[in-house]
Amino acid sequence: MTLQDSTSTSPAPSLASAIVNVLQQHRGSTLSAPEIAHAIASDGEWHTLLTPIRRTAVELALAGRLVIYRKGKPVDPTDFRGVYRLGLPRED
């Protein structure tokens, strides 16, 4: 089940909703893109979701709906590289 074609230029609303839903199920923890992809596409076709998840995560982070972490610290969604994790904003 692929929610968005990896060549698309804008994220599918259903992918954004799926990412937020997975994070809500794991509230209080952060998840990697592969962990989120596995949860969304349990049929084994999760690899194609990695790039769309990254693009959608950037847009969600810019909108304040999630936080992108690198080495345990929040990062600028427009300027990060390498391994990252996603989490919901804290409600402190």
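Summary of the structure given here. On a predicted model such as this, the values are computed, not experimentally measured, just so you know. (Residues numbered from 1 in each chain as written. Predicted model: local features only at pLDDT ≥ 70, side-chain atom pairs only at ≥ 80, totals over all residues. Heavy atoms only, no water.)

### Section: the overall build of the protein chain
Okay, step 1: A tally of regular secondary structure across the protein chain gives three helices and four strands.
Okay, step 2: Put simply, the protein chain runs from its N terminus to its C terminus through helices and strands in the order α-β-α-α-β-β-β.
Okay, step 3: Considering only contacts in the protein chain between residues 6 or more positions apart, those separated by 24 or more positions represent 47%.
Okay, step 4: Here the protein chain displays about 5,500 Å² of accessible surface, and carbon together with sulfur accounts for 50% of that area. (Helix = DSSP H or I, 4+ residues; strand = E, 2+ residues; numbered from the N terminus. Contact = heavy atoms within 4.5 Å. Areas by Shrake-Rupley, 256 points an atom, 1.4 Å probe, with all protein chains shown as cover.)

### Notes on the sheet that holds strand β1 (residues 31–32)
Okay, step 1: Pairing is antiparallel in the open sheet, where four strands are placed in the order β1-β4-β2-β3. In this open sheet, the two edge strands, each paired with only one partner strand, are β1 and β3 (73–74).
Okay, step 2: Strand direction decides the pairing type here: strand β2 (residues 67–70) and strand β4 (residues 85–87), joined by three bridges, are antiparallel. Counterpart to V67 in the pairing with β4 is G87. (Pairing = 2+ DSSP bridges.)

### A short note on unusual backbone geometry
Okay, step 1: For K71, which is not a glycine, the phi torsion comes out positive at approximately 55 degrees.
Okay, step 2: Mapped onto the elements of the fold, K71 is located in the loop between β2 and β3.
Okay, step 3: Here K71 falls in the exposed class, since its relative accessible area comes to 73%. (Buried < 20%, exposed > 50% of the residue type's maximum accessible area, 1.4 Å probe, protein only.)

### Brief notes about the layout of surface pockets
Okay, step 1: Here the largest pocket is characterised by a volume of approximately 200 Å³.
Okay, step 2: Lining the largest pocket, in full, are L23, H26, R27, G28, S29, T30, Y69, G87, L88, P89, R90 and E91. (1 Å grid on protein atoms, 1.4 Å probe; cavity = no way out; pocket = protein on both sides within 12 Å on 5 of 7 lines; lining within 4 Å. Points joined across faces, edges and corners; volume = space filled by probe spheres on them.)

### Quick notes on the side chain of S32
Okay, step 1: Topologically, S32 is positioned in strand β1.
Okay, step 2: When near neighbours in sequence (up to four residues on either side) are disregarded, S32 contacts Y84 and R85.

### Concerning the pattern of salt bridges
Okay, step 1: This structure, assessed with the given rule, holds one salt bridge.
Okay, step 2: One salt bridge in this structure joins R85 and E35, with 3.4 Å as the shortest N-O distance. Here R85, found in strand β4, pairs with E35, found in helix α2 (residues 33–40); they are 50 residues apart in sequence, far enough to count as distant.
Okay, step 3: The exposure class assigned to R85 is partly exposed, which follows from its relative accessible area of 32%.
Okay, step 4: Looking at E35, the relative accessible area reads 36%, which means it is partly exposed. (Salt bridge = Lys/Arg side-chain N within 4 Å of Asp/Glu carboxyl O.)

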